[in-house]
Amino acid sequence: QVQIVESGGGLVEPGGSLSLSCAASGNILSISTMCWYRQAPGKQRDVVATISTGSGKNYADSVQGRFTISRDYSKNIVFLQMNNLQPEDTATYYCNSSATTMAHDYYDIDYWGKGTLVAVSS
């Protein structure tokens, strides 16, 4: 019902920057929250940043001051600007959207993308 597609990952040297994009499409009525998660090999998937109406923006301590989340409400797109990237930022980054749809308009449910890989190495 809802498709989530991430893009913008790649290989970057330490100290470099990358910008990730996430586009949500389908029969969407509204999106309350859009989030970025990341998962390194052999580790749990952790939240990186969130943006929502009312609650504003929130960041994990590990990326505070380096990453910035933003959202284009008219296009259902969320961005993640990543600056001063370090090797520990290497992970697959996933986009999550909490939304109601034409077929499920009672309450929000979560939709996930398939991820985009970010590798930080010299």
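Attention here is on the structure that accompanies the text.

Reading the values: rules and limits
Residues numbered from 1 in each chain as written. Predicted model: local features only at pLDDT ≥ 70, side-chain atom pairs only at ≥ 80, totals over all residues. Heavy atoms only, no water. Disulfide = S-S within 2.5 Å. Helix = DSSP H or I, 4+ residues; strand = E, 2+ residues; numbered from the N terminus. Buried < 20%, exposed > 50% of the residue type's maximum accessible area, 1.4 Å probe, protein only. Contact = heavy atoms within 4.5 Å. Pairing = 2+ DSSP bridges. Axes fitted to C-alpha atoms, helices over the stretch in contact; angles between N-to-C directions. Salt bridge = Lys/Arg side-chain N within 4 Å of Asp/Glu carboxyl O.

## A closer look at the state of the cysteines
Thought 1: Evaluated as defined, the whole model comprises one disulfide.
Thought 2: Put simply, C22 and C95 are joined by a disulfide, and their sulfur atoms are 2.0 Å apart. Disulfide C22-C95: torsion about the S-S bond near -80°, hence left-handed. Of this pair, C22 sits in strand β3 (residues 18-26) while C95 sits in strand β9 (residues 91-101), and the two are 73 residues apart along the sequence.
Thought 3: There is no disulfide at C35, and the cysteine sulfur nearest it, in C95, is 8.0 Å away.
Thought 4: Its relative accessible area of 6% is what places C35 among the buried residues.

## Overview of the environment of P14
Thought 1: Take P14: it is sitting in the loop between β2 (10-12) and β3.
Thought 2: Counting along the chain gives 70 residues from P14 to N84, while the straight-line C-alpha distance between them is 6.9 Å.
Thought 3: Among all residues touching P14, those that are not within four sequence positions of it are L85, P87, V120, S121 and S122.

## A word on the sheet that holds strand β1 (residues 2-7)
Thought 1: Pairing is antiparallel across the open sheet formed by four strands, whose spatial order is β1-β3-β8-β7. Across the chains shown, the open sheet's two edge strands, defined by having one partner strand only, are β1 and β7 (67-72). Shown here is a sheet whose adjacent strand axes are inclined to one another by a mean of 15°, direction ignored.
Thought 2: Taken together, the six bridges between β1 and β3 define a ladder with antiparallel strand orientation.

## Some thoughts on the pattern of salt bridges
Thought 1: What the rule picks out here adds up to two salt bridges.
Thought 2: Salt-bridge contacts for R38 lead to D89; the nearest nitrogen and oxygen are separated by 2.9 Å. Placement of R38 in strand β4 (residues 28-39) and of D89 in the loop between β8 (77-82) and β9 is noted, with a sequence separation of 51 residues between them. Like R38, the residue D89 is buried in the burial classification.
Thought 3: The salt bridge partner of R66 is D89, with a shortest N-O separation of 2.8 Å. Here R66, found in the loop between β6 (56-59) and β7, pairs with D89, found in the loop between β8 and β9; they are 23 residues apart in sequence, far enough to count as distant.
Thought 4: A relative accessible area of 0% places D89 in the buried class.

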